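# Structural overview for review
Now for the letters of each chain:
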Amino acid sequence: MTAATATAPLDLRDVHHAYGGVEVLHGIDLVLKPGEVTALLGPSGSGKTTLLAVAGGLLRPTSGRVRVLGEDIAGLRLDRVARRVAFVLQAGSLIPYLTVEENLLARRVVAGYKITRADRARAAGLLAAVDLAAKARRHPDRLSGGERQRACVAQALYTGAPVLLADEPTASLDRVRGRAVMRLLAEHARETGASVLVATHDERALDLVDRTLTIEDGRLLPP
């Protein structure tokens, strides 16, 4: 292991994962660099969502190793993983009984922090960036599918985690809003040094990413 990979935000080595004895990831090697956005392309069923879930600790690899900031994710408590990895999930991560703004602030409340004006200002800025400033006080069931998707992006960005994993974050968005979300993710990576991995079918905004990888049948293709 080199010094670079020892401190990489995310480092997967020979990762395999199986469902019910059927292997869906076959020996994945992947290192993410700070400040970069990597797009992961591939057809439905190719393993994109499973790879993100394993990379972020939602699933354990059948074999292989996943390191986040140099530490094996298998040995980290869930709260420590949550501080290092943020998700934008297809299924959504919004708490239904909280407003959109409260969903962004929820993690700080759970951690025991008092919400300050600066916290609210940061949340407001992110909601404005995803064109949801006017919907901040609404609950998720009063949002469209695309609005909920954008709220999940803002929620993930608000965490400030050094690794952000996004599963089809532009799937329900038109071209303009899809590009706006990808641009926001790219700006976040550059400004904070975070590593962003985006699983996507959407090739309309690939000019905004730093690197493109393709997965087929659970295997990363050579770049």
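Residues numbered from 1 in each chain as written. Predicted model: local features only at pLDDT ≥ 70, side-chain atom pairs only at ≥ 80, totals over all residues. Heavy atoms only, no water.

## Focus on the packing of aromatic side chains
Defined as follows: To pair, rings of Phe, Tyr and Trp, with the six-membered ring standing in for Trp, must have centres within 6.5 Å; the planes then decide the type, stacked if under 30 degrees apart, edge-to-face if over 60, and tilted in the middle. Criterion for a charge above a ring: Arg CZ or Lys NZ at most 6 Å from the ring centre, at most 35 degrees from the ring normal.
Applying the stated criterion to the full structure yields zero aromatic pairs. We note arginine 122 situated over the ring of tyrosine 158; from NZ or CZ to the ring centre the distance is 4.5 Å.

## Here we look at the sheet that holds strand 5 (residues 71–72)
By way of backbone hydrogen bonds, the strands of a sheet pair with one another, either parallel or antiparallel. We apply this condition: Strands pair, by our definition, only if DSSP identifies at least two bridges between them. Numbering of helices and strands runs from the N terminus, with a helix taken as a DSSP run of H or I at least four residues long and a strand as a DSSP run of E at least two residues long. Here, residues are in contact when the closest pair of their heavy atoms is within 4.5 Å. Axes, fitted as lines to C-alpha atoms, cover a helix only where it is in contact. Angles between the N-to-C directions of the axes lie from 0 to 180 degrees.
With antiparallel pairing, four strands are arranged side by side in an open sheet as 2-1-4-5. Both outer strands of the open sheet, strand 2 (22–32) and strand 5, are each paired with one neighbouring strand and no more. Pairing of strand 1 (residues 10–19) with strand 4 (residues 63–68), which is carried by five bridges, proceeds in the antiparallel orientation. Counted as the bridge partner of leucine 12 is valine 66 from strand 4. Its contacts with the sheet put helix 2 (residues 48–55) on strand 1, strand 2 and strand 4, and the angle it makes with strand 1 is roughly 120°.

## Quick word on the environment of arginine 137
Basically, it comes down to this: Only protein chains enter the accessibility calculation, which uses a 1.4 Å probe; a residue whose area is less than 20% of its type maximum is buried, one above 50% is exposed, and one in between is partly exposed.
For arginine 137, the location among the structural elements is in the loop between helix 5 (117–129) and helix 6 (145–159). Classification of arginine 137 by relative accessible area gives exposed; the value is 65%. Leaving out residues up to four positions away in the same chain, arginine 137 has contacts with Thr99 and Glu101.

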